[in-house]
Amino acid sequence: MRELRDIRGLRPRDLSQRQRLLLKFVVGLGTVVLLFTFVYNWGMLALERRPQSVFRSFQTVVETMTTTGYGADAPWDTPAMNVLMVTIQLTGVIIGFVTLRVLVIPLFERTPLNLDDRLTTKDEHVVVAEYQRNAELLLEELEALDVDYVLIESDREDAKRLSDDGYQAIHGDPETRADLDRATVERANLLITDAGEGTASIVLTALEANDELRVISFLPSTRRKAALTEVGVDRGIAPNALIGQRLAEKATTPVARNGVNDDDAVAIREILVRRNSPLHGVEVRNSPLAGHPNLTLVAGWFDGEFRLPPSPDERLTPNAVLVVAGPVDEIDDVVNDLGGVRVSRVADHSRVVVAGCGEGGEAAVDALPADVSATTVDESAATNPDVVGDVTEPETLREAGIEDATALVVTVDDDATALLTVAMARSLSDDVEILARVTDDEKASAAFRAGADYVLSIQRVCARLVASEVHGERVVDPASQIRVVRADGDPFAGESIRAVRQNAERGWTVAGVLRDGVVHTGERETVRADDEVFVAGSDAGIAEFERTVDAA
């Protein structure tokens, strides 16, 4: 249990109220024992005329306080010493009762505990006022970033379970000022709410206590965003719509599969990380792709967030997609050597089928570029889909054109239906790229086994989104193509490729140089004035490069 972890070396503010009480108890007990030891040792010398070592006096005091005996020193002749011994005996009995109440009973009896006692001192922290999804995922993300937080959970059993597992959780009603005060909301920086109808009440009550709070709220629908903005919500997020949008962006962010022409040896590929991959859990900086001398890690998708370039500290998880630039044969060799990764099926999408016309499906369609043909499928005619029918039936998917589609975006509300839709679509087409949404994070691996290429979990995306907001991570708008252009090497003359790549915050990076018809991608290669350089990046990044560097 986290509650029992070693507290040595921690600052006082890092200790919970219970740990601070335990520390005070230990210090106080030690002080009393030492005081009695020195007084008893003096009494044996000055009153009883029987001098002895302080260690024997210490032994006698401990024996007396614990009522295990009095050693060879008894009896005592002077009244003062007898009074001292009675005092020591009574003190030992009192300390024994305190020990039982403070330490023994809470540990071994199933008695109600005040969860507030387990909270560490908070300042500039995050208050999570109710969270209707997987709370552990959210709290683990915050702890991974070393962010202080307090979760106010209205369900007593859930609050107790989370607290027992070592999370900073208390039971209370987040709409009540007193319970928000228990979470020290007046000293918090950020409030996260996921309370449905109670969101407005929570936000207004919290802002009364701290009008400088930044507020993030999860909403069941985008229709409530404007109203909640009026009451003080800084960012309202409808997870279904957000994930539908990100799935569409992932499906339609083209990656140039070849270089600037078919004769060039530099290409860009999407490499998908799978659960059995040796890259699972590896930091980007330690991955063979980032450390490869002839490859450039241009960008990456992490739980629906597009990063250009990826942070070196980012951990690769199943479902991560890395955008890599370099010689085609080098990329193929890395993919073959690693195992558990594969190259994306298609470079871009021209015909997309969207299964499910709820808020997520609508957001997905809205996010598709104008030149992409979209066919919507739903079993309810009320949503006005292009095809009405059960998306788990082969006839429905065939009518929607699954066999000719380049991508299928699955945004149905039920995870079981989503998994069956994925499996059915994969049985009908080996080439279609399948991007799916699931509610439960544990269903993501099942979706991969069913045949999905890319899966977003509502639980995981919400947790990562909060972590990104707290940490201030940069998330790039992916609505552009990732491509390679060829430019004059003169602006980089005298610099190594490694030195040029280190400043990748610009949205572009140098993937290699062309010299005498040969492409060089090694990091130690020095760029010459008469070389040509391959620059990889997003449309916006390439435009910035051409405006500020290539035109200089």
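If you're wondering where the values come from, they're calculated on a predicted model, not measured in any experiment.

### Details of the overall build of the protein chain
In step 1: In terms of regular secondary structure, the protein chain is built from 18 helices and 21 strands.
In step 2: Taken over 552 residues, the protein chain has a buried fraction of 51%.
In step 3: Counted over contacts in the protein chain with a minimum sequence separation of 6, partners at least 24 positions apart contribute 67%.
In step 4: Taken as a whole, the protein chain presents about 25600 Å² of accessible surface, with 50% of it coming from carbon and sulfur.

### Points about the sheet that holds strand β4 (residues 190–194)
In step 1: Spatially, six strands are ordered β3-β2-β1-β4-β5-β6 in an open sheet, and the strand pairing comes out parallel. A single partner strand is all that each edge strand has here, and the edge strands are β3 (169–171) and β6 (235–237). Ignoring which end each strand starts from, the neighbouring axes of this sheet average 15 degrees apart.
In step 2: On the sheet, helix α5 (residues 156–164) packs against β2 (149–153) and β3 and is oriented at approximately 155 degrees with respect to β3.

### Some thoughts on the side chain of T421
In step 1: For T421, the location among the structural elements is in helix α14 (residues 415–428).
In step 2: Judged by relative accessible area, which is 0%, T421 ranks as buried.

### What about helix α12 (residues 359–367)?
A turn of α-helix holds 3.6 residues, and therefore any two residues three or four places apart point the same way.
In step 1: Among all positions in α12, only E359, G360, G361, A363 and A364 are buried.
In step 2: Elements that come into contact with the buried residues of α12 comprise α9 (239–251), β12 (351–355), β15 (407–410) and β16 (433–438).

### What to know about the packing of α9 against α12
Each pair of packed helices can be described by the angle between their axes along with the distance between the axes.
In step 1: Running from N to C, α9 and α12 point in directions that differ by 35 degrees, and their axes come no closer than 7 Å. Classified by chirality, the crossing of α12 by α9 is right-handed. Residues N240, A241, G244, Q245 and A248 of α9 pack against E359, G360, A363, A364 and A367 of α12.

### Notes on the environment of E330
In step 1: Counting through the fold element by element, E330 comes out in helix α11 (residues 328–338).
In step 2: Sequence separation between E330 and N294 is 36 residues, and the spatial gap between their C-alpha atoms is 7.4 Å.

### Considerations on unusual backbone geometry
In step 1: If you check the backbone angles, R49 has positive phi at about 60 degrees while not being a glycine.
In step 2: The exposed category is assigned to R49, whose relative accessible area is 65%.
In step 3: The backbone of T184 sits at a positive phi, close to 50 degrees, despite the residue not being glycine.
In step 4: Secondary-structure assignment places T184 in the loop between α6 (177–182) and β4.

### So, the pairing of β16
In step 1: Among the six residues of β16, six are classified as buried, and the element is accordingly described as predominantly covered.
In step 2: The alternating pattern of β16 places E433, L435 and R437 and I434, A436 and V438 on opposite faces, both of which are buried.
In step 3: Between the parallel elements β15 and β16, the chain passes through α14 in a crossover that is right-handed.
In step 4: Both β16 and strand β17 (residues 454–457) contribute to a ladder of four bridges, which runs parallel. Across the sheet, V438 pairs through a bridge with S457, a residue of β17.

### Some thoughts on a nonpolar patch on the surface
In step 1: On the surface, V93, F97 and L100 cluster together into a nonpolar patch covering about 290 Å² of accessible area.
In step 2: For L100, the location among the structural elements is in helix α3 (residues 79–108).
In step 3: Look at L100 and you get partly exposed, because its relative accessible area is 40%.

### Brief notes about a negative patch on the surface
In step 1: On the surface, a cluster of negative charge is made up of D329, D332, D333 and D337.
In step 2: Within the secondary structure, D329 is located in helix α11.

### Structural notes on the pattern of salt bridges
In step 1: As enumerated under the stated definition, the model contains 20 salt bridges in all.
In step 2: Put simply, E186 and R187 hold a salt bridge, and the shortest N to O gap is 4.0 Å.
In step 3: You can call E186 partly exposed: its relative accessible area is 38%.
In step 4: Given the relative accessible area of 34%, R187 is considered partly exposed.
In step 5: The partner of E525 in a salt bridge is R515, with the nearest N and O atoms 2.7 Å apart. Separated by ten residues along the polypeptide, E525 in the loop between β20 (518–520) and β21 (532–538) and R515 in strand β19 (residues 508–515) bring together distant segments of the chain.
In step 6: Given a relative accessible area of 24%, E525 falls into the partly exposed group.
In step 7: Taken together, the shared-partner salt bridges in this structure form one network comprising D123, E186 and R187.

### Notes on the sheet that holds β12
In step 1: Reading across from one edge, β14-β13-β12-β15-β16-β17 is the order of the six strands in this open sheet, with parallel pairing throughout. The outermost strands of the open sheet, each flanked by one partner alone, are β14 (387–388) and β17.
In step 2: Where α14 meets the sheet, it contacts β12, β15 and β16, and its direction lies at approximately 175 degrees from that of β16.
In step 3: Strands β16 and β17 of the sheet are contacted by helix α15 (residues 443–450), whose axis makes an angle of about 160 degrees with β17.

### Observations concerning the confidence of the model for the protein chain
In step 1: Counting all residues, the mean pLDDT for the protein chain is 80, and 84% of those residues have values of 70 or more.
In step 2: Low pLDDT, under 50, characterises residues 1–9; the predicted model gives this stretch eleven contacts beyond four residues in sequence or across chains.

### A few points about the nonpolar core
In step 1: Residues Y131 and L151 are the most contacted members of the largest nonpolar core, which totals 54 residues.
In step 2: Counting residues per element, this core draws most heavily on helix α16 (residues 458–471), at six residues.
In step 3: Residues contacting L151, with those up to four places away along its chain left out, are V128, E130, Y131, A135, L139, L162, Q168, A169 and I170.
In step 4: By size, the runner-up hydrophobic cluster in this structure holds 28 residues, among which are V391, L397, V410 and L419.

### Some thoughts on the packing of aromatic side chains
In step 1: Across all of its chains, the model carries two aromatic pairs by this definition.
In step 2: Between F492 and F545, the aromatic rings sit 6.3 Å apart at their centres with planes inclined by 5 degrees, giving stacked as the arrangement. Remark: F545 occurs in helix α18 (residues 539–550) and F492 occurs in the loop between β18 (482–488) and α17 (497–501); sequence separation between them is 53 residues.
In step 3: Sitting over the face of the ring of Y149, K122 holds its NZ or CZ atom 5.9 Å from the ring centroid.

So, how was this worked out
- Residues numbered from 1 in each chain as written.
- Predicted model: local features only at pLDDT ≥ 70, side-chain atom pairs only at ≥ 80, totals over all residues.
- Heavy atoms only, no water.
- Helix = DSSP H or I, 4+ residues; strand = E, 2+ residues; numbered from the N terminus.
- Buried < 20%, exposed > 50% of the residue type's maximum accessible area, 1.4 Å probe, protein only.
- Contact = heavy atoms within 4.5 Å.
- Areas by Shrake-Rupley, 256 points an atom, 1.4 Å probe, with all protein chains shown as cover.
- Pairing = 2+ DSSP bridges.
- Axes fitted to C-alpha atoms, helices over the stretch in contact; angles between N-to-C directions.
- Left-handed = near helix turned anticlockwise from the far one by under 90°.
- Right-handed = clockwise from strand over helix to strand, strands pointing away.
- Patch = residues over 30% accessible without salt bridge, like charges linked within 9 Å, V, L, I, M, F, W, Y side chains within 5 Å.
- Salt bridge = Lys/Arg side-chain N within 4 Å of Asp/Glu carboxyl O.
- Lys, Arg positive; Asp, Glu negative; His and termini not counted.
- Charge placed at Lys NZ, Arg CZ, Asp CG, Glu CD.
- pLDDT = per-residue confidence, 0-100.
- Core = buried A, V, L, I, M, F, W, Y, C linked by side-chain atoms within 4.5 Å.
- Phe/Tyr/Trp six-rings, centres within 6.5 Å; stacked < 30°, edge-to-face > 60°.
- Lys NZ or Arg CZ within 6 Å of the ring centre and 35° of its normal.

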